[in-house]
Amino acid sequence: MNGEPTDFWGKLQSDGDGRVVAWHPLEAHCADVAACCEALLRDTLLGARLAHLFGGASLHPVVRDRLVVLAALHDLGKYSICFQNRAFGARLPRGGHVAPIVKALSSSGRVSDQLLDVLAPLASFGPAWGPYLAASISHHGRPERIGDATGFDPAWFEAAHGLDPVDGMRRLMRTVERWYPNAFDTAIPDLELPDQPPAQHFFAGLVMLADWLGSDARVFEYAQDTSDPMLLARERAARVVQARFLAPAGLRAACRADYDVFSTPDAVFVPRPAQCVVSELPIPSVGEATLTVLEAETGSGKTEAALHRYAQLFRAGLVDGIYFALPTRTSATQIHQRVVRAVASTFEALSPEARPPVVLAVPGYLRVDDVSGQALPNFNVQWPDAGTNRDRTWATEHAKRYLAGSVVVGTIDQALLSTLVVDHAHLRATSLSRLLLVVDEVHASDAYMTKLLDQVLAFHFACGGHAFLMSATLGTTEQRGFMARATTPRALAPLPKRPPLALDEAIGAPYPAVHHGGTRTQPSTIPALTPGNAKTCAIELWPAIDDAESVAERALDAARRGAQVLVLRNTVADAVATQRALEDLVTTADHGSLFRVRGVATLHHARFVQGDRTLLDEAVEARLGKHADRSVGSVVVATQTVQQSLDLDADLLITDLCPMDVLLQRIGRVHRHARPATARPADFRAATCVVLDPGSVMEFIDERGVARGQHGYGRVYEDMRNLEATRDLLIERDVLDVPEDNRMLVERATHPEALAAVVERCGPAMAAHAMTSTGARFAKVQLADGHVVQRTTEMGSYGFPDRDTVRRVATRLGAEDRLLEFEQGFDSAFGTHVRSVKVPHWLAQGWPATVSGRVSSSSDGVVTFDALDAEGGRLATFHYDRLGLHAGAPEASTVHQDTTEAEADE
């Protein structure tokens with residue numbers, strides 16, 4: 001509708017001067033959202049997932065219509081005059097649209113009585129209609145608690161501008177009754193909305209998704225007349241749900257569920273033992289939740305096994321897509337490209353535009369398939385081709401809707417945010433329920449994140465969803481805990497405590513193995529009897545952990561003999577010190593030995609801006625990847641960013657001492673691929689891992705049991721019992737056979753009996769540390785319990801903490817890293833134009849909500865800038881250069897940066 005509103009409006013369009021030039025009637029917007037909800041319940045697995053929470057196999061059409069009616073009422077608060085005033089002059093009192101309806105429902109008196117009279121027809125839905133309406137009203141991302149009328153103003157619902165809010169709401173209710181007459185049919189018994197709080201929470205996420213779809217003016221264009229909008233809304237909703245790959249039924253028959261999709265023109269893919277076991281797993285019955293845990297050594301093809309399981313379940317109509325959760329941003333960006341290729345082959349019968357889009361769910365990136373976009377102001381995105389299909393890119397254009405994609409690759413954080421009390425957690429959880437949840441390197445989480453993952457899985461299984469967990473180094477205690485969660489009849493109930501297997505029994509458990517079970521399937525373990533990627537790795541404990549120069553000298557010597565060397569330090573500080581020592585040693589003849597990005601020597605860690613991280617990720621794969629040029633030796637210095645889920649293949653690994661499960665991951669980066677003997681230098685044809693030895697970790701523990709030391713001990717790796725047990729094993733064994741030794745090594749370094757033996761041997765200080773570590777672990781679990789969404793509490797009675805508390809919750813996952821934006825920006829040492837820098841939350845403690853950046857100097861790739869508050873006051877000073885972000889002053893380096901074009905391309 002053009003011009004200023006003449007009736008209740010739901011959406012406005014303004015010109016550059018703020019004048020309203022077009023409006024979308026509120027009833028039309030309600031029709032748009034209701035139609036989207038209807039299409040989602042009808043055409044996607046969301047209907048089946050909600051039915052599972054209700055205790056059935058499918059939604060009865062009457063129940064579905066009742067839910068859609070409640071979705072249509074999501075914007076009742078927009079009938080308030082304080083909201084409608086937004087179209088009628090700046091001097092009028094204005095307000096939002098959620099608080100007015102929440103306060104009105106919480107109040108008593110005339111307005112409340114009128115509102116209850118308007119909503120009286122909902123009584124036919126059963127006594128639980130109130131919590132479902134509260135869930136619908138909560139569509140802006142936070143559950144709204146009904147009951148507190150503080151601040152309510154009855155004038156919000158008094159007539160003005162010729163508009164009567166109560167009459168408007170009554171008119172909407174009559175219209176909705178006409179749209180969905182079956183919803184109000186009381187002739188069919190036992191169709192009341194079930195009083196199931198988890199289903200109410202699911203419905204909240206469903207309405208959030210429907211509202212996000214129905215608010216897209218590119219699809220749901222503003223009405224041009226006052227005719228009934230529902231017919232057009234239904235056509236558009238069915239089309240957009242299909243176009244955005246939320247409804248994939250038409251794709252299932254084209255999905256190839258065979259391992260041949262991983263073959264290349266140069267090689268036929270031959271499934272490995274664990275992959276064959278996965279292929280033979282039963283296809284679950286409709287409505288059965290299942291969990292598969294694949295334990296196998298690094299390089300054994302776990303990624304392909306997970307994608308194969310996805311294809312099986314997708315083709316059978318049991319999932320609508322997949323979320324591949326990786327431990328780091330680097331691993332997510334690398335796996336994304338592998339998944340793009342796999343999807344193209346899996347759906348090769350379809351044109352590229354018809355295949356499911358592969359979304360990279362990493363904040364700061366805008367990538368779908370092989371296309372990258374650029375963020376613009378006001379949440380807009382520019383894609384390189386004006387003809388880019390915006391339906392394919394829709395899920396990646398906002399982090400909160402990543403999980404509404406079809407094939408999505410991201411970090412574990414995005415899945416964990418679905419269970420934390422953060423805005424749009426319900427949207428994430430509901431969207432995730434329809435996907436196969438794949439978690440790689442599941443062992444890598446601390447107690448806090450493990451508890452969060454348990455809660456993610458609990459709701460996922462309660463919805464009848466499917467999960468696939470992968471690890472090279474998962475202990476039996478953790479594996480049995482995950483399986484217990486999947487097979488318990490009441491998925492959301494607390495799990496009963498169960499004693500771990502005895503150490504000898506745990507060591508004897510099969511490895512590699514596939515564990516599988518579900519709500520209707522007894523858990524079973526299937527050994528993958530033949531190792532997929534066996535290797536023997538020589539271990540050397542070398543007491544040079546404090547001597548960066550010696551570490552650099554040894555690495556450079558190996559590179560001079562043709563080796564590809566990976567030096568992996570626990571902390572950024574140690575990595576930078578090693579890189580500087582390396583650069584001080586090189587000569588002109590060693591020029592090709594340094595890891596470079598666009599000809600500039602550097603290292604790999606997390607404190608680089610997004611554009612540079614992309615270049616670093618590409619460069620490290622080009623230097624150490626499967627198909628890298630190995631004609632010249634090189635040294636790559638890195639931190640944990642490259643230790644897992646990356647297809648890197650070094651000849652020699654030099655690493656700080658770390659817990660055994662982490663060490664085995666790092667060893668997975670050396671001799672990862674079987675190559676002809678002549679493909680590796682003569683001195684490095686046997687895999688070797690040099691472990692930088694700090695000596696007994698008791699040196700880092702005081703008499704109170706508090707651990708504090710260099711190299712991340714007591715901070716990055718908090719439980720010193722694991723480190724001491726790992727060191728004992730390395731003293732005892734100078735060769736590790738992978739994967740034959742994996743189970744034994746992990747259990748002897750992590751099992752409760754093994755840790756108790758460490759305490760007994762090391763004495764009182766370690767005993768005090770054990771108590772401290774156990775207490776800290778318990779505190780993390782308790783903290784996680786306090787931070788998760790309570791989905792057994794009914795909507796309307798449940799609300800999130802205040803936003804400051806929520807912000808602190810998100811901080812634990814890095815969600816509160818602070819973004820400094822610069823008016824002009826600067827060019828990095830690698831030639832990337834930088835408009836913003838992310839400061840890790842631990843370097844931004846105490847900062848206000850609004851911050852900005854100001855460059856004070858920039859020369860030769862070294863930039864100094866200040867973090868400013870809203871008034872321009874300086875909060876901190878940082879430097880950014882080829883070695884990343886740091887708070888100290890930049891230091892000069894002796895390395896020569898002038899390179900030829902050919903050298904820069906290496």
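To be clear, the structure that these remarks concern was listed above.
Now for a look at the structure at hand. Predicted model, so just to flag it, every value in this text is computed and none were measured. (Residues numbered from 1 in each chain as written. Predicted model: local features only at pLDDT ≥ 70, side-chain atom pairs only at ≥ 80, totals over all residues. Heavy atoms only, no water.)

1. Topic: the overall build of the chain
At step 1: Summing up its helical and strand segments, the chain has 29 helices and 28 strands in all.
At step 2: Against the compact-globule benchmark of 29 Å for 906 residues, the chain has a radius of gyration of 29 Å, which places it among compact chains.
At step 3: Along the three orthogonal principal directions, the C-alpha set of the chain runs to about 85 × 65 × 60 Å.
At step 4: The proportion of buried residues among the 906 residues of the chain is 59%.
At step 5: Across the chain, the fraction of contacts at a sequence separation of at least 24, relative to all contacts at a separation of at least 6, is 74%.
At step 6: Charge separation in the chain, taken as the distance between the mean sites of 88 positive and 111 negative side-chain charges, equals 2 Å. (Helix = DSSP H or I, 4+ residues; strand = E, 2+ residues; numbered from the N terminus. Rg over C-alpha atoms; globule rule 2.2 N^0.38 Å. Buried < 20%, exposed > 50% of the residue type's maximum accessible area, 1.4 Å probe, protein only. Contact = heavy atoms within 4.5 Å. Lys, Arg positive; Asp, Glu negative; His and termini not counted. Charge placed at Lys NZ, Arg CZ, Asp CG, Glu CD.)

2. Thoughts on empty space enclosed by the protein
At step 1: Taken as a whole and assessed by the stated rule, the structure comprises five cavities of 30 Å³ or more.
At step 2: Computed from the structure, the largest cavity encloses a volume of approximately 80 Å³.
At step 3: Along its surface, the largest cavity is lined by 13 residues, and Leu307, His308, Tyr310, Ala311 and Thr346 are the ones closest to its centre.
At step 4: Of all the secondary structure elements, the ones that give two or more residues to the lining of the largest cavity are α12 (302-315) and α13 (329-346).
At step 5: At four residues, α12 tops the list of elements feeding residues into the lining of the largest cavity. (1 Å grid on protein atoms, 1.4 Å probe; cavity = no way out; pocket = protein on both sides within 12 Å on 5 of 7 lines; lining within 4 Å. Points joined across faces, edges and corners; volume = space filled by probe spheres on them.)

3. Here we look at the side chain of Arg434
At step 1: Relative to the elements of secondary structure, Arg434 occurs in the loop between α16 (425-432) and β11 (435-439).
At step 2: Notably, Arg434 is buried but unbridged: the nearest opposite-charge side chain belongs to Asp320, and the N-O separation is 4.2 Å.
At step 3: Within polar-contact distance, the side chain of Arg434 engages the backbone oxygen of Gly405 at 2.8 Å.
At step 4: A distance of 3.0 Å separates a polar atom in the side chain of Arg434 from the backbone oxygen of Ser431.
At step 5: Excluding anything up to four places from it in sequence, Arg434 contacts Leu45, Leu46, Arg49, Phe245, Leu246, Val319, Asp320, Gly321, Leu403, Ala404, Gly405 and Ser406. (Salt bridge = Lys/Arg side-chain N within 4 Å of Asp/Glu carboxyl O. Polar contact = N/O pair within 3.5 Å; in protein donor to acceptor, adjacent residues only side chain to side chain.)

4. Remarks on unusual backbone geometry
At step 1: For the bond from Tyr511 to Pro512, the omega torsion is -5 degrees, close enough to zero to count as cis.
At step 2: In this fold, Pro512 is placed in the loop between α19 (503-507) and β13 (513-518).
At step 3: Of note, the amide linkage connecting Val738 to Pro739 takes the cis form, showing an omega dihedral of 5 degrees.
At step 4: Along the chain, the position of Pro739 falls in the loop between β22 (735-738) and α25 (742-750).

5. Here's the deal with the layout of surface pockets
At step 1: Its boundaries defined by the atoms lining it, the second largest pocket holds a volume of some 1,500 Å³.
At step 2: In this structure, the second largest pocket is lined by 49 residues; those nearest its centre are Glu304, Arg338, Arg341, Lys626 and Asp647.
At step 3: When residues in the lining of the second largest pocket are grouped by element, the largest group, nine residues, is from α13.
At step 4: Split into classes, the residues belonging to the lining of the second largest pocket amount to 13 nonpolar, 19 polar and 17 charged. (Nonpolar A, V, L, I, M, F, W, Y, C, P; charged D, E, K, R; others polar.)

6. Section: the packing of aromatic side chains
At step 1: On inspection of all chains with the given rule, the structure shows 22 aromatic pairs.
At step 2: Ring centres of Tyr310 and Phe314 lie 5.6 Å apart, and the angle between their planes is 45 degrees; this geometry places the pair in the tilted category. Placement of both Tyr310 and Phe314 in helix α12 is noted, with a separation of four residues, approximately one turn of the helix. The exposure classification of Tyr310 matches that of Phe314, with both residues buried.
At step 3: When the centroid spacing of 5.5 Å and the interplanar angle of 75 degrees are considered together, the rings of Phe822 and Phe826 count as edge-to-face. (Phe/Tyr/Trp six-rings, centres within 6.5 Å; stacked < 30°, edge-to-face > 60°.)

7. What to know about the sheet that holds strand β19 (residues 634-638)
At step 1: Ordered in space as β19-β16-β20-β21-β15-β22, the six strands form an open sheet in which the pairing is mixed. Of all strands in the sheet, those bounded by a partner on one side alone are β19 and β22. When strand polarity is set aside, the average angle formed by the axes of neighbouring strands in this sheet is 20 degrees.
At step 2: Contacting β15 (535-542), β16 (564-568), β20 (652-656), β21 (687-692) and β22, helix α23 (residues 660-667) crosses the sheet at an angle of about 155 degrees to β20. (Pairing = 2+ DSSP bridges. Axes fitted to C-alpha atoms, helices over the stretch in contact; angles between N-to-C directions.)

8. Let's talk about helix α9 (residues 197-214)
At step 1: With 18 residues, α9 extends 25 Å between its outermost C-alpha atoms, agreeing within 8% with the 26 Å of an ideal straight helix rising 1.5 Å per residue.
At step 2: Most of α9 sits inside the fold, with 17 of its 18 residues counted as buried. (Expected span 1.5 Å × (residues − 1).)

9. Remarks on the packing of helix α1 (residues 26-43) against helix α3 (residues 61-72)
At step 1: Orientation of α1 relative to α3, taken along the N-to-C sense of each, is 150 degrees, at an axis distance of 8 Å. Where α1 crosses over α3, the handedness of that crossing is right-handed. Facing α1, whose interface residues are Cys30, Val33, Ala34, Cys37, Glu38, Leu41 and Arg42, α3 presents Arg64, Leu67, Val68, Ala71 and Ala72.
At step 2: Residue composition of the contact of α1 with α3, by class: nine nonpolar, no polar and three charged. (Left-handed = near helix turned anticlockwise from the far one by under 90°.)

10. A few points about the state of the cysteines
At step 1: Summed over the entire model, instances satisfying the criterion amount to zero disulfides.
At step 2: Counting only cysteine sulfurs, Cys36 is the nearest neighbor of Cys37, a cysteine outside any disulfide, at a range of 8.8 Å.
At step 3: Unpaired in terms of disulfides, Cys762 finds its nearest cysteine sulfur in Cys658, a separation of 18 Å.
At step 4: Since its relative accessible area comes to 17%, Cys762 is described here as buried. (Disulfide = S-S within 2.5 Å.)

11. Some remarks on the pairing of β19
At step 1: Counting buried positions over the five residues of β19 gives five, a clear majority of the element.
At step 2: Alternating residues of β19 divide into Ser634, Val636 and Ala638 and Val635 and Val637, and every residue in both groups is buried.
At step 3: Of the pairings in the sheet, the one linking β16 to β19 comprises five bridges and is parallel in character. For Val567, the partnering residue across the bridge sits in β19 and is Val637.

12. Some points on the pattern of salt bridges
At step 1: Inspection of the entire model under this criterion finds 47 salt bridges.
At step 2: In this structure, Arg171 engages Glu27 in a salt bridge whose closest nitrogen and oxygen atoms are separated by 2.8 Å. With Arg171 in helix α8 (residues 165-179) and Glu27 in helix α1, this pair connects stretches of sequence that are 144 residues apart.
At step 3: With its nearest N and O atoms 2.8 Å apart, the salt bridge here joins Arg42 to Asp43.

13. Quick notes on the sheet that holds strand β28 (residues 884-886)
At step 1: With respect to topology, four strands assemble into an open sheet ordered β25-β26-β27-β28, the strand pairing being antiparallel. Either end of the sheet is taken by a strand with one partner, and the two such strands are β25 (852-859) and β28. Each adjacent strand pair in this sheet contributes to an overall mean axis angle of 25 degrees, direction not counted.
At step 2: Relative to β28, strand β27 (residues 874-881) is paired through three bridges, and the arrangement is antiparallel. When the sheet's bridge partners are listed, Tyr880 is paired in β28 with Leu885.

14. Comments concerning the pairing of β22
At step 1: Only one face of β22 is covered, namely the one carrying Leu736 and Val738; the face carrying Val735 and Asp737 has none of its residues buried.
At step 2: Bridge count for β15 against β22 is four bridges, and the pairing is antiparallel. For Lys535, the partnering residue across the bridge sits in β22 and is Val738.

15. So, the environment of Met1
At step 1: Note that Met1 resides in the segment before β1 (9-14).
At step 2: Classification of Met1 by relative accessible area gives buried; the value is 15%.
At step 3: Sequence separation between Met1 and Leu12 is eleven residues; the distance between their C-alpha atoms is 9.6 Å.

16. Let's talk about the side chain of Glu295
At step 1: Within the element layout of this structure, Glu295 appears in strand β3 (residues 290-295).
At step 2: Residue classification places Glu295 among the buried positions, given a relative accessible area of 1%.
At step 3: Looking at Glu295, its side chain comes within polar contact range of the side chain of Arg743, at 2.9 Å.
At step 4: If near-sequence neighbours (up to four positions away) are discounted, Glu295 is found in contact with Ser471, Leu474, Gln479, Tyr511, Pro512, Ala513, His515 and Arg743.

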